[in-house]
Amino acid sequence: MTKTAPPSSPPPDSLNNPLWQFSVDFYRHDDVQQFLLDCQDYKGADVCLMLWASYATACGRQLSEESWRVADRGLAPRRRMIMSVRRLRRWLGRMRPRTQGLYESCKRYELKLEQLQLAALWRLYSESWPEDRPALELAGQQYGLLQKEQARWAGLIESYKANLT
């Protein structure tokens, strides 16, 4: 693979990259958080991969099955770590207010792990790959999203983009 990044892009290993910035902003947009968390909790989806697919779609790019497989397999060890931290955070959350400090620390650590995950996806996105499949289609296939769920997701992205102008 030839690694190429647009000249105006931050270094491919940067934690504060356009994918991270998009993810933070998009996640706060109406109904996005609930949609992504529902996909995570009920479909086993990786929110970071879904944010990556959302970013590619918002930028008008497609992905390839190969890049999706590389991302999914390559990030599996970190995904397991994030899931462990998330389970701990949720457990601590049930015991609040006694565990509020630990809960907040765990939440910050989970967010940092997700930022590292998105930085790895940014590096992959910056590489040269064939672009032959709509990103939402790849994610939908991976997580068994129904056509109406994919349409809802596409609508969330379009609504987000419309609010930028």
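By convention here, each chain's residues receive numbers from 1 onward along its written sequence. For a predicted model such as this one, the threshold for reporting local features is a pLDDT of at least 70, and the threshold for listing and counting side-chain atom pairs is 80 or more; totals across whole chains, interfaces and linings nevertheless cover every residue. Derived side-chain values reflect all non-hydrogen atoms in the structure, with water molecules and hydrogen atoms excluded from consideration.

K.L.:
How would you explain the environment of tyrosine 103 if you had to name every residue and give the values?
P.N.:
Relative to the elements of secondary structure, tyrosine 103 occurs in helix H6 (residues 100-126). The rule is simple: take the accessible area with a 1.4 Å probe, protein chains only, and divide by the maximum for that residue type; under 20% is buried, over 50% is exposed, in between is partly exposed. Judged by its relative accessible area of 9%, tyrosine 103 is buried. The sequence separation of tyrosine 103 and glutamate 149 amounts to 46 residues, and the corresponding C-alpha distance is 32 Å. Excluding anything up to four places from it in sequence, tyrosine 103 contacts Arg89, Leu92, Gly93 and Arg96. Strands here are runs of E lasting at least two residues and helices are runs of H or I lasting at least four, both read from the DSSP assignment and numbered beginning at the N terminus. Between two residues, a contact is recorded if the distance between any of their heavy atoms is within 4.5 Å.

K.L.:
Tell me about the pattern of salt bridges, residues and numbers included.
P.N.:
Just to be clear on terms, a salt bridge is a Lys or Arg side-chain nitrogen sitting within 4 Å of an Asp or Glu carboxyl oxygen. Applying the stated criterion to the full structure yields 12 salt bridges. Of the charged contacts in the structure, one is a salt bridge between arginine 79 and aspartate 46, with a shortest N-O distance of 2.5 Å. Here the residue arginine 79 occupies a position in helix H5 (residues 76-94), and aspartate 46 occupies one in the loop between helix H2 (32-43) and helix H3 (47-58), the gap between them amounting to 33 residues. Each member of the pair arginine 79 and aspartate 46 is classed as buried. The partner of glutamate 114 in a salt bridge is arginine 86, with the nearest N and O atoms 3.3 Å apart. Of this pair, glutamate 114 sits in helix H6 while arginine 86 sits in helix H5, placing them 28 residues apart in sequence. Neither residue differs from the other here; glutamate 114 and arginine 86 are each classed as buried.

K.L.:
Account for the side chain of glutamate 110, with residues named and values stated.
P.N.:
Along the polypeptide, glutamate 110 turns up in helix H6. Once residues lying within four places of it in the same chain are set aside, the contact partners of glutamate 110 are Ile82, Val85, Arg86 and Arg89.

K.L.:
Run through the packing of aromatic side chains, naming residues and quoting values.
P.N.:
Pairing of aromatic rings covers Phe, Tyr and the six-membered ring of Trp, with a centre-to-centre limit of 6.5 Å; geometry is then stacked below 30 degrees between planes, edge-to-face above 60, and tilted otherwise. The final tally for this structure, using the stated rule, is 10 aromatic pairs. Plain terms: the ring middles of tyrosine 55 and tyrosine 125 are 5.1 Å apart, the flat faces sit at 65° to each other, and that makes the pair edge-to-face. Of this pair, tyrosine 55 sits in helix H3 while tyrosine 125 is found in helix H6, placing the two residues 70 residues apart along the sequence. With a relative accessible area of 10%, tyrosine 55 lands in the buried category. Residue classification places tyrosine 125 among the buried positions, given a relative accessible area of 7%. Between the aromatic rings of tryptophan 68 and tyrosine 143, the centroid separation amounts to 6.4 Å while the plane-to-plane angle is 70°, which identifies the pairing as edge-to-face. On the criterion of sequence distance, the pair formed by tryptophan 68 in helix H4 (residues 65-74) and tyrosine 143 in helix H7 (residues 135-143) is long-range, its members being 75 residues apart. Side by side, tryptophan 68 and tyrosine 143 carry an identical accessibility label, which is buried. Grouping aromatic residues by their ring pairs yields a cluster made of Phe22, Phe26, Tyr55, Trp122, Tyr125 and Tyr160. Whether a charge lies above a ring is judged from NZ of Lys or CZ of Arg, which has to be within 6 Å of the ring centre and within 35 degrees of the ring normal. A cation over a ring is seen here: arginine 61 above tyrosine 125, with NZ or CZ 3.9 Å from the ring centre.

K.L.:
How would you summarise the nonpolar core if you had to cite specific residues and measurements?
P.N.:
Side-chain atoms within 4.5 Å are what join buried Ala, Val, Leu, Ile, Met, Phe, Trp, Tyr and Cys residues into a set we call a nonpolar core. Formed by 39 residues in total, the largest nonpolar core has its most connected members in Met50, Trp52, Trp68, Leu121 and Trp153. Counting residues per element, the ones that place at least two in this core are helix H1 (18-28), H2, H3, H4, H6, H7 and helix H8 (147-164). Of the residues forming this core, the biggest block, 9 residues, is contributed by H3. Each residue touching methionine 50, except ones within four places of it in the same chain, is listed here: Phe35, Leu36, Cys39, Ala45, Tyr143, Leu145 and Trp153. The next biggest cluster of nonpolar side chains, apart from the first, holds 6 residues, and it includes Ile82, Leu92, Tyr103 and Cys106.

All we've got here are geometric facts, nothing functional implied.
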